Amino acid sequence: MLYRNLGKPIFFKLDPEAAHHLVIGGLHKVAKVPGMIPVVRGMYGVPEVPELATELFGVHFPSPIGLAAGLDKNAEAVEGFSSIGFGFMEVGTVTPKGQPGNEQPRLFRLPPDEALINRMGFNNRGAEDMAGRLAALKSRRIPVAVNIGKNKLTPNEDAHTDYEKCISILYPQADFFVVNISSPNTPNLRNLQHGSELASLLKAVIDEMDVQAKRYGTRKSVLVKIAPDVSDEELEFMIDTIQNSGVSGLIATNTTISRDGLTHNNAKETGGLSGKPLRARSTEVVSRAYLQTGGRLPIIGSGGIFTAEDAYEKIRAGASLVEIYTALIYEGPEINRKLHHGLRQLLRRDGFSHISEAVGADHR
């Protein structure tokens with residue numbers, strides 16, 4: 001109620017990107033004030049419960065609800081986000097070299113549609129900067145995944161070198177990695193999802209992960225984030241290539257370039273759409289991926305989750321974990337307690353004692 005009645009009206013009067021920076025900066029500063037993180041955790045934190053805690057990718061997730069990439073691009077507010085009920089979070093997308101991203105304005109709200117459009121363009125301070133920030137954290141309450149991408153000026157034929165550099169620089173700090181080849185805001189990036197380019201890129205990524213595993217004596221997982229804007233045939237080929245590559249899982253899905261059913265004037269803006277309009281399509285991709293892989297390739301469901309029912313829909317479709325982003329902007333930090341409480345009720349309703357029993361339940 002505090003966010004809905006006080007915070008949201010203020011934030012929504014600001015330029016969306018200005019509000020974004022205000023939130024990140026605020027959470028960063030809160031973490032530096034002695035005693036404030038426990039206060040924030042008391043207001044918005046979620047207690048770990050056995051039926052929702054999950055072991056996946058060799059990592060312990062205290063809750064299945066995570067924060068998607070794109071909000072904390074430079075790992076500035078990890079402690080803050082770790083205190084408001086998330087079970088894990090992605091930071092990034094990060095590129096080897098820092099880059100400014102696309103020209104502003106590049107972030108737009110669509111309130112009647114409960115959606116956002118962004119064309120940020122991987123604006124970030126670079127892998128070395130992020131590595132320093134993560135290394136400086138005294139402790140982590142939740143797993144942190146590093147979402148990696150290529151610099152805008154790197155041609156696709158050399159893209160593998162950018163992903164390799166990010167892995168090399170950030171391997172000690174990441175709990176696991178996410179390969180982003182599906183943002184619509186970097187020219188030609190989505191071409192890496194198709195044909196031999198995808199197989200070649202993922203081979204280079206896996207080879208680099210192997211190099212770093214030997215170097216540091218610990219093996220970590222890498223996932224691939226895919227787009228919703230593909231044909232059934234393209235999706236089938238993509239999933240087959242991903243499954244055969246040796247990666248540990250996938251995230252379905254990134255933002256969409258579709259504008260179906262939107263009512264707000266900002267629908268004319270170019271960029272990736274996130275929020276409620278993406279829910280059905282992202283769930284469909286989760287379902288298709290689960291069926292095609294026989295549930296053997298773990299999936300993180302992302303796109304349009306605003307309620308516990310939305311999250312549970314993706315879990316029953318085949319997602320082992322889920323992520324939110326736009327819902328946090330519209331609903332505020334209270335949302336994690338609502339999702340957490342609602343998921344427990346839904347599991348009990350269906351007679352499940354642990355969330356893993358619900359994964360893919362719609363296909364059994």
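Residues numbered from 1 in each chain as written. Predicted model: local features only at pLDDT ≥ 70, side-chain atom pairs only at ≥ 80, totals over all residues. Heavy atoms only, no water.

K.L.:
When you look at the UniProt feature "binding site: substrate" (unreviewed entry) in the protein in this model, what are you seeing that I'm missing?
P.N.:
Per the UniProt record, "binding site: substrate" (unreviewed entry) is annotated on Lys73, Asn118, Arg119, Met120, Gly121, Phe122, Asn180, Asn185, Asn254 and Thr255. Counting through the fold element by element, Lys73 comes out in the loop between strand 3 (65-67) and helix 4 (78-81). Residue class for Lys73 comes out buried when judged on its relative accessible area of 11%. Setting aside residues up to four positions removed in sequence, Lys73 forms contacts with Gly92, Thr93, Met120, Asn123, Asn124 and Met130. (UniProt positions renumbered as here; feature names shortened; annotations may be inferred. Helix = DSSP H or I, 4+ residues; strand = E, 2+ residues; numbered from the N terminus. Buried < 20%, exposed > 50% of the residue type's maximum accessible area, 1.4 Å probe, protein only. Contact = heavy atoms within 4.5 Å.)

K.L.:
Any chance you could explain helix 12 (residues 335-349) here in plain terms?
P.N.:
Because an α-helix completes one turn every 3.6 residues, residues spaced three or four positions apart along the sequence face the same direction. Compared with an ideal rise of 1.5 Å per residue, which puts 15 residues at 21 Å, helix 12 spans 21 Å between its outermost C-alpha atoms and is within 8% of the ideal. Summarising the contacts, the buried residues of helix 12 are in contact with strand 3, helix 10 (308-317), strand 15 (321-324) and helix 11 (326-331). After helix 12 finishes, the residue Gly351 shows a positive phi value of roughly 80 degrees. (Expected span 1.5 Å × (residues − 1).)

K.L.:
What should I look at first to understand the pairing of strand 14 (residues 299-302) in this one?
P.N.:
Looking down a regular strand, the side chains alternate between one sheet face and the other. A two-sided burial pattern is seen for strand 14, the buried positions comprising Ile299 and Gly301 on one face and Ile300 and Ser302 on the other. When strand 12 (residues 249-252) meets strand 14, the two strands line up parallel, connected through 3 bridges. Bridging across to strand 14, Leu250 finds its partner in Ile299. With 3 bridges joining them, strand 14 and strand 15 adopt parallel strand pairing. Its bridge partner lying in strand 15, Gly301 is registered against Val322. Note that the unit made of strand 14, helix 10 and strand 15 has a crossover that is right-handed. (Pairing = 2+ DSSP bridges. Right-handed = clockwise from strand over helix to strand, strands pointing away.)

K.L.:
Can you help me understand the sheet that holds strand 7 (residues 115-118) in this one?
P.N.:
Two modes of strand pairing occur in sheets, parallel and antiparallel, and in both the strands are linked by backbone hydrogen bonds. Taken together, the 3 strands give an open sheet; going across it, the order is 6-7-13, and neighbouring strands pair in antiparallel fashion. With partners counted over all chains shown, the strands left at the sheet margins are strand 6 (107-110) and strand 13 (272-275), one partner each. Along the sheet, successive strands turn relative to each other by an average axial angle of 20 degrees, direction set aside. In this sheet, strand 7 lies alongside strand 6 in antiparallel orientation, the contact comprising 4 bridges. Following the sheet pairing, Leu110 is matched in strand 7 by Ala115. (Axes fitted to C-alpha atoms, helices over the stretch in contact; angles between N-to-C directions.)

K.L.:
Honestly, the packing of aromatic side chains in this entry has me stumped. Any pointers?
P.N.:
For any pair of aromatic rings, the description rests on two quantities: the centre-to-centre distance and the angle between the ring planes. Per the counting criterion, the structure on display carries 10 aromatic pairs. Aromatic pair Phe57 and Phe61: ring centres 6.4 Å apart, planes at 80 degrees, arrangement edge-to-face. The pair Phe57 / Phe61 is uniform in exposure class, with both members buried. When the ring of Phe81 is compared with that of Phe86, the centres are 6.5 Å apart and the planes differ by 65 degrees; the resulting orientation is edge-to-face. The exposure classification of Phe81 matches that of Phe86, with both residues buried. Lying over the aromatic face of Phe12, Lys8 brings its terminal NZ or CZ to 5.2 Å of the ring centre. One cation-aromatic arrangement involves Arg109 over Phe12; the distance from NZ or CZ to the ring centre is 4.5 Å. (Phe/Tyr/Trp six-rings, centres within 6.5 Å; stacked < 30°, edge-to-face > 60°. Lys NZ or Arg CZ within 6 Å of the ring centre and 35° of its normal.)

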